[in-house]
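Next come the chains, spelled out residue by residue.
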Amino acid sequence: MTEYPSETWKDYELLDSGNGEKLERYGAYVLRRPEPKALWTPSMSDSEWRRLAHTSFTPGAGFGKAGKEDSGTWNRLRKMDDQWYIRYRCEGGADFNLRLGLTSFKHVGVFPEQAPNWDFIHRQTSLLASSGEGDSRPRVLNLFAYTGAASLAARSAGADVTHLDSVRQVVTWARGNMEASGLDGIRWVVEDAMKFAVRESRRGKFYDGIILDPPAYGHGPDGEKWKLDECLFEMLRTVSSILKPEHSFLVLNLYSNGFSPALGETVVREAFGLDAGMPDGSYKLESGELALNDRFGKVLPLSVVISLTR
């Protein structure tokens, strides 16, 4: 199953892709930057790309090396703001604002292909909130949470959200997105994700929803090392102990090229102890890809997603 952002989202568009690059519109501005998965020839000419782009990203000397694979500089081609906002609004009710900025790692603060995940999170949280008793609200934990779009999707659906990332500046960025969206009440945590999950397990804490978007490589605030291939299964085993066994959901997003939907589904199944002997309807495990579709119909797959509902 391949999922794409809804065509009703007007603040983002993949205009064209090819030759290892993509041309995207975020709100009022058009950005040109590397995309290794765009293996084909662009549909528009290079002169059209140059005419449309407000800025383009030039890779640095370390581009392609672990830890520096996305480093480089932005080259302004037309007048534009250093920071600007786009709005995400879906038919299901998710409605929030996201600040964008040109970072030295080619990223801009949002990954638009994640929109189907935001919709899923908002939908599942809304279902849990509507079925809750009294004043209780679903508790959602967002690990490796970056600038917080998934946190805002859960919060806008009525969840008590814990947002965790190991980079303080990124958490500050996420807090700004919350405030710009007219929301409040998110719990902010700057910590190593594994340490936090282990501590919550020891405390007997449970969450109604858990979101994971781990990097291939990373470091915690105290230098803790994260390598996806070595740490993912242990992380999921720990997460399985703090996700409620019923009326709960999990979203796992994987950008590593070494992972397929089948592999992601298997690692979740094994970590959570799901098997054919469980009662019918006790859980639903799905996997697929998140992709962008440019104006010319070329499909750009960018990540693998696995969802578990029970």
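Presented here is an overview of the structure given in this document. (Residues numbered from 1 in each chain as written. Predicted model: local features only at pLDDT ≥ 70, side-chain atom pairs only at ≥ 80, totals over all residues. Heavy atoms only, no water.)

The topology assignment puts Asp-119 in helix α2 (residues 115-131). Buried charge without a salt bridge: Asp-119, with Arg-123 as the nearest opposite-charge side chain at an N-O distance of 5.8 Å. Ignoring anything within four residues of it in the chain, the contact list for Asp-119 reads Tyr-88 and Cys-90. (Helix = DSSP H or I, 4+ residues; strand = E, 2+ residues; numbered from the N terminus. Buried < 20%, exposed > 50% of the residue type's maximum accessible area, 1.4 Å probe, protein only. Lys, Arg positive; Asp, Glu negative; His and termini not counted. Salt bridge = Lys/Arg side-chain N within 4 Å of Asp/Glu carboxyl O. Contact = heavy atoms within 4.5 Å.)

Across soluble globular proteins, nonpolar side chains show a tendency to be buried alongside one another. Core analysis: the largest hydrophobic core is formed by 47 residues, its most contacted members being Tyr-26, Trp-84, Phe-96, Trp-118 and Ile-121. Excluding its chain neighbours within four sequence positions, the residues that come into contact with Trp-84 are Tyr-26, Tyr-29, Leu-31, Leu-98, Arg-99, Leu-100, Gly-101 and Leu-102. Counting residues in each nonpolar core, the second largest holds 34 residues, with Ala-197, Leu-250, Phe-272 and Leu-308 among its members. (Core = buried A, V, L, I, M, F, W, Y, C linked by side-chain atoms within 4.5 Å.)

The next thing to look at is the packing of helix α6 (residues 228-240) against helix α7 (residues 261-272). At a closest axis distance of 8 Å, the pairing of α6 and α7 adopts a crossing angle of 45°. When the interaxial angle is binned, α6 and α7 end up oblique. In this structure, α6 meets α7 at a crossing whose hand is right-handed. Residues Leu-232, Phe-233, Leu-236, Arg-237, Val-239 and Ser-240 of α6 form the contact with α7, whose own contacting residues are Val-267, Val-268, Glu-270, Ala-271 and Phe-272. Its residues assigned to classes, the contact of α6 with α7 comprises eight nonpolar, one polar and two charged. (Axes fitted to C-alpha atoms, helices over the stretch in contact; angles between N-to-C directions. Parallel < 35°, antiparallel > 145°, perpendicular 65-115°, else oblique. Left-handed = near helix turned anticlockwise from the far one by under 90°. Nonpolar A, V, L, I, M, F, W, Y, C, P; charged D, E, K, R; others polar.)

Quick look at the packing of aromatic side chains now. Per the counting criterion, the structure on display carries twelve aromatic pairs. The ring centre of Trp-173 lies 4.2 Å from the NZ or CZ of Arg-99, which sits over that ring. Over the ring of Tyr-207 we find Arg-139, and its NZ or CZ is 4.4 Å from the ring centre. (Phe/Tyr/Trp six-rings, centres within 6.5 Å; stacked < 30°, edge-to-face > 60°. Lys NZ or Arg CZ within 6 Å of the ring centre and 35° of its normal.)

Attention shifts here to the pairing of strand β9 (residues 139-143). Remember that side chains alternate between the two faces of the sheet whenever the strand is regular. When you tally the buried positions in β9, you get four out of five residues, the bulk of the element. Here β9 runs beside strand β10 (residues 160-165); their pairing, made up of four bridges, is parallel. Looking across to β10, one finds that Val-140 is bridged to Val-161. For the segment spanning β9, helix α3 (residues 149-156) and β10, crossover handedness is right-handed. As paired elements, β9 and strand β12 (residues 209-212) share four bridges and run parallel to each other. Of the residues in β12, the one forming a bridge with Val-140 is Gly-209. (Pairing = 2+ DSSP bridges. Right-handed = clockwise from strand over helix to strand, strands pointing away.)

This paragraph deals with the pattern of salt bridges. All told, the structure shown has 20 salt bridges when counted by the stated rule. Glu-35 is the salt-bridge partner of Lys-22, the closest N and O atoms lying 3.2 Å from each other. Here Lys-22 is found in strand β3 (residues 21-26), whereas its partner Glu-35 is found in the loop between β4 (29-34) and α1 (46-52), with 13 residues between them in sequence. In this structure, Lys-22 and Glu-35 share a single accessibility class: buried. Between Asp-294 and Lys-298 there is a salt bridge whose closest N-O contact spans 2.8 Å. One exposure class covers both Asp-294 and Lys-298, and it is buried. A single salt-bridge network, built from bridges that share partners, covers Glu-21, Arg-32, Asp-46 and Arg-50.

That is the geometry; function is a separate question.
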